[in-house]
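Below, each chain spelled out in residue letters.
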Amino acid sequence: MYKDNSLIPSEAIRLAALGLLWQGERSYADLAREIRHFVGRIVGPSLELLGPSLELFKIEGLIEAIDPKQPADSQIMRLTPEGRAELRRLMTTRLRGPMGEVNKLIIAFKMHFFAALAPDDQRQQLDLMIEACDKELVRLGDLRAYPPVSAGDGHLPSWLDLEIAEIGARRAWFEGLKGQIRD
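A short tour of the structure in this document, coming up. (Residues numbered from 1 in each chain as written. Predicted model: local features only at pLDDT ≥ 70, side-chain atom pairs only at ≥ 80, totals over all residues. Heavy atoms only, no water.)

### Overview of the pattern of salt bridges
Part 1 of the argument: All chains considered together, the criterion is met by 20 salt bridges.
Part 2 of the argument: Of the charged contacts in the structure, one is a salt bridge between Arg-89 and Glu-11, with a shortest N-O distance of 3.4 Å. Within this pair, whereas Arg-89 is found in helix H4 (residues 81-91), its partner Glu-11 is found in helix H1 (residues 9-23), the two being separated by 78 residues in sequence.
Part 3 of the argument: Judged by relative accessible area, Arg-89 falls into the partly exposed class, the value being 31%.
Part 4 of the argument: Among the ionic pairs, Glu-34 bridges to Arg-26, the shortest N-O distance being 2.6 Å.
Part 5 of the argument: When its relative accessible area of 15% is taken as the criterion, Arg-26 is described as buried.
Part 6 of the argument: Here the salt bridges share partners, and the residues they tie into one network are Glu-11, Arg-14, Glu-60, Glu-86 and Arg-89. (Salt bridge = Lys/Arg side-chain N within 4 Å of Asp/Glu carboxyl O. Helix = DSSP H or I, 4+ residues; strand = E, 2+ residues; numbered from the N terminus. Buried < 20%, exposed > 50% of the residue type's maximum accessible area, 1.4 Å probe, protein only.)

### Thoughts on the sheet that holds strand E1 (residues 26-27)
Part 1 of the argument: In spatial order, the strands read E1-E3-E2; together these 3 strands make up an open sheet with antiparallel pairing. On the outer flanks of this sheet lie E1 and strand E2 (63-65), each paired with one strand and no other.
Part 2 of the argument: Bridge analysis of E2 against strand E3 (residues 76-79) gives 3 bridges, and the strand direction is antiparallel. What sits directly across from Glu-64, in E3, is Arg-78. (Pairing = 2+ DSSP bridges.)

### Comments concerning the nonpolar core
Part 1 of the argument: Residues Leu-15, Ile-35 and Phe-109 are the most contacted members of the largest nonpolar core, which totals 44 residues.
Part 2 of the argument: In contact with Ile-35, other than residues within four places in its own chain, are Ile-13, Ala-16, Ala-17, Leu-20 and Leu-54. (Core = buried A, V, L, I, M, F, W, Y, C linked by side-chain atoms within 4.5 Å. Contact = heavy atoms within 4.5 Å.)

### Section: helix H2 (residues 28-42)
Part 1 of the argument: Between its first and last C-alpha, H2 extends 22 Å over 15 residues, near the 21 Å set by a 1.5 Å rise per residue.
Part 2 of the argument: On its buried side, H2 packs onto H1, E1, helix H3 (54-59), E3 and helix H5 (101-112).
Part 3 of the argument: Gly-44 occupies a position one or two residues after H2 and carries a positive phi of about 80°. (Expected span 1.5 Å × (residues − 1).)

### Some details on the packing of aromatic side chains
Part 1 of the argument: Summed over the entire model, instances satisfying the criterion amount to 3 aromatic pairs.
Part 2 of the argument: An angle of 10° between the planes, with centres 6.2 Å apart, marks the rings of Phe-109 and Phe-113 as stacked. Side by side, Phe-109 and Phe-113 carry an identical accessibility label, which is buried.
Part 3 of the argument: Joined through ring pairs, the aromatic side chains of Phe-38, Phe-109 and Phe-113 make up one cluster. (Phe/Tyr/Trp six-rings, centres within 6.5 Å; stacked < 30°, edge-to-face > 60°.)

### Overview of a nonpolar patch on the surface
Part 1 of the argument: Taken together, Leu-156, Trp-159 and Leu-162 make up a surface patch of nonpolar side chains, about 310 Å² in accessible area.
Part 2 of the argument: By the secondary structure assignment, Leu-162 is in helix H8 (residues 156-180). (Patch = residues over 30% accessible without salt bridge, like charges linked within 9 Å, V, L, I, M, F, W, Y side chains within 5 Å. Areas by Shrake-Rupley, 256 points an atom, 1.4 Å probe, with all protein chains shown as cover.)

### Section: the packing of H2 against H5
To characterise two packed helices, one gives the angle between the axes of the helices and the distance between these axes.
Part 1 of the argument: Running from N to C, H2 and H5 cross one another at 130°; their axes reach a closest spacing of 10 Å. When the axis of H2 is compared with that of H5, the two are oblique. Every pair of crossing elements has a handedness; the one defined by H2 and H5 is right-handed. Touching Phe-38, Val-39 and Ile-42 of H2 are Glu-101, Lys-104, Leu-105, Ala-108, Phe-109 and His-112, all from H5.
Part 2 of the argument: Residues that form the contact of H2 with H5 fall into these classes: 6 nonpolar, 1 polar and 2 charged. (Axes fitted to C-alpha atoms, helices over the stretch in contact; angles between N-to-C directions. Parallel < 35°, antiparallel > 145°, perpendicular 65-115°, else oblique. Left-handed = near helix turned anticlockwise from the far one by under 90°. Nonpolar A, V, L, I, M, F, W, Y, C, P; charged D, E, K, R; others polar.)

### Quick look at the environment of Arg-14
Part 1 of the argument: Its location among the elements puts Arg-14 in helix H1.
Part 2 of the argument: For Arg-14, a relative accessible area of 13% gives the class buried.
Part 3 of the argument: If sequence neighbours within four positions are ignored, Arg-14 has contacts with Phe-57, Glu-60, Leu-62, Glu-86 and Leu-90.
Part 4 of the argument: Side chain to side chain, Arg-14 and Glu-60 meet in a polar contact 2.8 Å long. (Polar contact = N/O pair within 3.5 Å; in protein donor to acceptor, adjacent residues only side chain to side chain.)

The following block contains the structure:
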């Protein structure tokens, strides 16, 4: 974890593994396959996102095999109480700006496992995501207003407008989701 309490890239994989097991027991092989599939579709192949081995999660006591005598790939894995606590910790972290591919992956996982959080924690996470959008909007708005950019002949101003609109839509979506949370 970074000093600002945001996840380092490899912790996104940790979040994925624990969240998938929170949803239900899975074979070791299926768990690895689902993580690879999800990460590959959100950010593509990435050396930065080579997470720790699932074996490490077993050693840390976060996950366990229902029948450890089975071959590793066919073992059915489940979340331990320590794993549930770690999932909550990972789900309640901040986002690191600016909104890059890793943050998009972390948001995707948080949205996928959102029901793992209590309503107050859900609202708090959405506030953090809205705050991240606001910071991104200020940063890009400042660049858009910078005279060499705003008066330029290239396509940067229209591309920045597109990015600003996308972030604004994401912010509005987070606000709408926050309004739907009931205790």
